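A closer look at the structure
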Amino acid sequence: DSGVTQTPKHLITATGQRVTLRCSPRSGDLSVYWYQQSLDQGLQFLIQYYNGEERAKGNILERFSAQQFPDLHSELNLSSLELGDSALYFCASSAGQGPISTDTQYFGPGTRLTVL
Amino acid sequence: SQQGEEDPQALSIQEGENATMNCSYKTSINNLQWYRQNSGRGLVHLILIRSNEREKHSGRLRVTLDTSKKSSSLLITASRAADTASYFCATPPRSARQLTFGSGTQLTVLP
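Structure report, in brief.

To continue, consider the environment of Q105 of chain A. Residues and elements named next belong to chain A. Within the fold, Q105 resides in the loop between β9 (87–94) and β10 (106–107). On a C-alpha basis, the gap between Q105 and D29 in space is 9.7 Å, while along the polypeptide they are 76 residues apart. Here the side chain of Q105 touches Y35 through a polar contact of 2.7 Å, side chain to side chain.

Moving on to the pattern of salt bridges. All names here are of chain A. Per the stated rule, a full pass over the model turns up five salt bridges over all chains. Between E82 and R63 there is a salt bridge, with its nearest N and O atoms 3.6 Å apart. Of this pair, E82 sits in the loop between β8 (74–78) and β9 while R63 is found in the loop between β6 (53–57) and β7 (64–68), placing the two residues 19 residues apart along the sequence. By relative accessible area, which is 19% here, R63 ends up buried. One salt bridge in this structure joins R63 and D85, with 2.8 Å as the shortest N-O distance. Of this pair, R63 sits in the loop between β6 and β7 while D85 is found in the loop between β8 and β9, placing the two residues 22 residues apart along the sequence. Since its relative accessible area comes to 3%, D85 is described here as buried. Connected through shared salt-bridge partners, R63, E82 and D85 make up one network.

All names here are of chain A. Across all of its chains, the model carries two disulfides over all chains by this definition. Between C23 and C91 runs a disulfide, and the two sulfur atoms are separated by 1.7 Å. As the torsion about the S-S bond is roughly -45°, the C23-C91 disulfide counts as left-handed. Residue C23 is found in strand β3 (residues 19–24), and its partner C91 is found in strand β9; the two are separated by 68 residues along the sequence. For the pair C23 and C91, a shared accessibility class is recorded, and that class is buried.

This part covers the interface of chain A and chain B. With 25 residues of chain A at the contact, the number on the chain B side is 21 residues. Roughly 1800 Å² of surface becomes buried between chain A and chain B when both sides are summed, with 56% attributable to carbon and sulfur atoms. Taken together, the links from chain A to chain B amount to one residue pair in polar contact (both at pLDDT 80 or more). Residue contributions to the side of chain A that touches chain B peak at four residues, all from strand β5 (residues 42–50) of chain A. Grouping the constituent residues of the side of chain A that touches chain B by class yields 10 nonpolar, 11 polar and four charged.

Residues and elements named next belong to chain B. Across the sheet, which stays open at both edges, the five strands sit in the order β1-β3-β8-β7-β6 with antiparallel pairing between neighbours. Each end of this open sheet is capped by a strand with a single partner; those strands are β1 (4–7) and β6 (55–58). Here the average twist between neighbouring strands, direction ignored, is 20°. Across six bridges, strand β7 (residues 61–66) lies against strand β8 (residues 71–76) in antiparallel orientation. Considered in β8, the bridge of R62 is made with L75.

Attention now moves to the environment of L30 of chain A. Residues and elements named next belong to chain A. Mapped onto the secondary structure, L30 falls in the loop between β3 and β4 (31–38). Sequence-wise, L30 and L72 are 42 residues apart; in three dimensions their C-alpha atoms are separated by 6.7 Å. Excluding residues that lie within four positions of it along the chain, L30 makes contacts with Y49, Y50, N51, Q68, L72, S94 and A95.

Glancing now at the packing of aromatic side chains. Under the criterion given, the structure shown has nine aromatic pairs over all chains. Measuring from centroid to centroid gives 5.6 Å for F107 of chain A and Y35 of chain B, while their planes differ by 75°, and the two rings are edge-to-face. One end of the pair, F107 of chain A, is in strand β10; the other, Y35 of chain B, is in strand β4 (residues 31–37), on a second chain. Judged by relative accessible area, Y35 of chain B falls into the buried class, the value being 0%. Joined through ring pairs, the aromatic side chains of Y35, F45, F90 and F107 of chain A together with Y35, F88 and F101 of chain B make up one cluster. R26 of chain A extends its terminal NZ or CZ atom over the ring of Y106 of chain A, reaching a point 3.7 Å from the ring centre.

Cut-offs used in this document
- Residues numbered from 1 in each chain as written.
- Chains lettered and ligands numbered in written order.
- Predicted model: local features only at pLDDT ≥ 70, side-chain atom pairs only at ≥ 80, totals over all residues.
- Heavy atoms only, no water.
- Helix = DSSP H or I, 4+ residues; strand = E, 2+ residues; numbered from the N terminus.
- Polar contact = N/O pair within 3.5 Å; in protein donor to acceptor, adjacent residues only side chain to side chain.
- Salt bridge = Lys/Arg side-chain N within 4 Å of Asp/Glu carboxyl O.
- Buried < 20%, exposed > 50% of the residue type's maximum accessible area, 1.4 Å probe, protein only.
- Disulfide = S-S within 2.5 Å.
- Contact = heavy atoms within 4.5 Å.
- Buried area = accessible area lost by both parts, 1.4 Å probe.
- Nonpolar A, V, L, I, M, F, W, Y, C, P; charged D, E, K, R; others polar.
- Pairing = 2+ DSSP bridges.
- Axes fitted to C-alpha atoms, helices over the stretch in contact; angles between N-to-C directions.
- Phe/Tyr/Trp six-rings, centres within 6.5 Å; stacked < 30°, edge-to-face > 60°.
- Lys NZ or Arg CZ within 6 Å of the ring centre and 35° of its normal.

These figures come from the coordinates and say nothing about function on their own.
Structure below.
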């Protein structure tokens with residue numbers, strides 16, 4: 001158990017819909033990262049928040065957005081869903097600001113999103 | 001494009017044998033990390049090697065790093081069925097804060 005929790009575990013929805021994925025980082029960790037893992041694209045970094053502020057941005061679509069709240073939990077919002085958005089979405093947390101400081105990232109169990 | 005690429009894509013060995021996976025990357029790095037992922041589960045951090053280190057050990061794991069060749073290897077000794085998983089290398093390029101993962105090596109350890 002990494003100490004990172006994600007809800008829900010599974011989500012099945014239809015194209016065009018909007019969903020929110022939630023992540024609670026390990027106690028004391030200030031950084032939250034979101035990743036998307038699909039069969040064709042592999043594991044892709046989406047976005048990082050550090051202590052409530054956006055820190056780094058990866059291959060995140062404009063239809064997707066995220067935020068980190070004062071209690072450090074984070075939400076990833078996916079809108080206008082398409083079939084290709086079906087994937088595993090992982091959240092990770094680390095104590096510091098990111099890989100340059102050799103932070104270890106601890107991953108949650110993931111949310112499996114299926115878009116029908 | 002991927003920063004790190006693992007080789008082989010898939011590896012199948014008998015329990016008790018050693019497993020070696022390789023990772024190549026493209027740009028200068030501060031460190032290189034190896035992660036394990038059991039099917040459909042989250043990634044688990046295995047080991048981090050800094051750019052000024054050449055070799056690092058952790059239990060049955062041995063990681064080497066050759067910055068001149070931009071490559072790393074992960075050796076799992078005396079493999080067990082429980083080592084069956086996908087193994088990813090992850091590199092944070094000096095120019096970016098994010099981790100970039102390769103496509104992984106699927107290791108199957110047969111009992």
